[in-house]
Amino acid sequence: WTNVVAAKLLENVMSVGPKVKYSSGASRLSQAAQGVAKDLFSVQMINLNYIDTGLFGFAVAANCTEIDKIVKAVVSKMREVAKNINENDLNTAK
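What you see is a predicted model; the values in this text were computed from it and never measured.

Enquirer: Which residues make up the overall build of the protein chain, and what values go with them?
Expert: When its secondary structure is counted, the protein chain shows 4 helices and 2 strands. Taken from N to C terminus, the helices and strands of the protein chain fall in the order α-α-β-β-α-α. Out of the 94 residues belonging to the protein chain, those deemed buried represent 28%. Within the protein chain, counting contacts between residues at least 6 apart in sequence, those at least 24 apart form 47% of the total.

Enquirer: Which residues make up the nonpolar core, and what are the values?
Expert: The biggest cluster of nonpolar side chains holds 13 residues, and the ones touching the most others in it are M14, L29, V43, I70 and V74. Counting residues per element, the ones that place at least two in this core are helix 1 (2-15), helix 2 (28-34), strand 1 (41-50) and helix 3 (67-83). Among the elements that line this core, the one with the most residues is helix 3, at 4 residues. With near-sequence residues (within four places) excluded, M14 lies in contact with S27, R28, L29, M45, K77, M78 and V81.

Enquirer: Any details on the pattern of salt bridges? Residues and values, ideally.
Expert: Pairs can form between side chains of opposite charge whenever their charged atoms are close. According to the stated counting rule, one finds 1 salt bridge in the structure shown. Two residues, K77 and E80, come together in a salt bridge whose shortest N-O distance is 3.7 Å. Separated by 3 residues within a single helix, K77 and E80 lie in helix 3, roughly one turn from each other. A relative accessible area of 22% places K77 in the partly exposed class. A residue is classified by how much of its surface remains accessible, and E80, at 41% relative accessible area, is partly exposed.

Enquirer: Describe the side chain of N47, and please don't skip the residues or the numbers.
Expert: With respect to the element layout, N47 can be found in strand 1. A polar contact of 3.0 Å, which involves the side chain of N47, links it to the side chain of N49. Sequence-distant contacts of N47, defined by excluding residues within four places in its chain, comprise A7, K8, E11, L55 and F56.

Enquirer: An account of the side chain of E66 is requested, with residue identities and associated values reported.
Expert: Tracing the backbone shows E66 in the loop between strand 2 (53-62) and helix 3. Buried and unpaired, E66 has no salt bridge, with K69 as the nearest side chain of opposite charge at 5.1 Å. Only 2.6 Å separates the side chain of E66 from the backbone nitrogen of K38, close enough to count as a polar contact. Once residues lying within four places of it in the same chain are set aside, the contact partners of E66 are V36, A37, K38 and D39.

Conventions adopted
- Residues numbered from 1 in each chain as written.
- Predicted model: local features only at pLDDT ≥ 70, side-chain atom pairs only at ≥ 80, totals over all residues.
- Heavy atoms only, no water.
- Helix = DSSP H or I, 4+ residues; strand = E, 2+ residues; numbered from the N terminus.
- Buried < 20%, exposed > 50% of the residue type's maximum accessible area, 1.4 Å probe, protein only.
- Contact = heavy atoms within 4.5 Å.
- Core = buried A, V, L, I, M, F, W, Y, C linked by side-chain atoms within 4.5 Å.
- Salt bridge = Lys/Arg side-chain N within 4 Å of Asp/Glu carboxyl O.
- Polar contact = N/O pair within 3.5 Å; in protein donor to acceptor, adjacent residues only side chain to side chain.
- Lys, Arg positive; Asp, Glu negative; His and termini not counted.

Right, here's the structure in full:
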């Protein structure tokens, strides 16, 4: 269960932010994508768990000319956050 809890906390750290209708979002995931995207996009965390297996990652919908840049930016941001997560981030995620 430790991995399930850790995955859920990382999901919340990456994807929690103010929700504004018709905006691209304020989560860390969206901010990473906004830095490279010129067109509309959507980035969402995926975290599905079942007894002894699970799926953790993200889904991106974007223009085909920008998808590679967006994926690279989001992966880079996830690595950065996972390495530098702090107590405040965890408390916010809970």
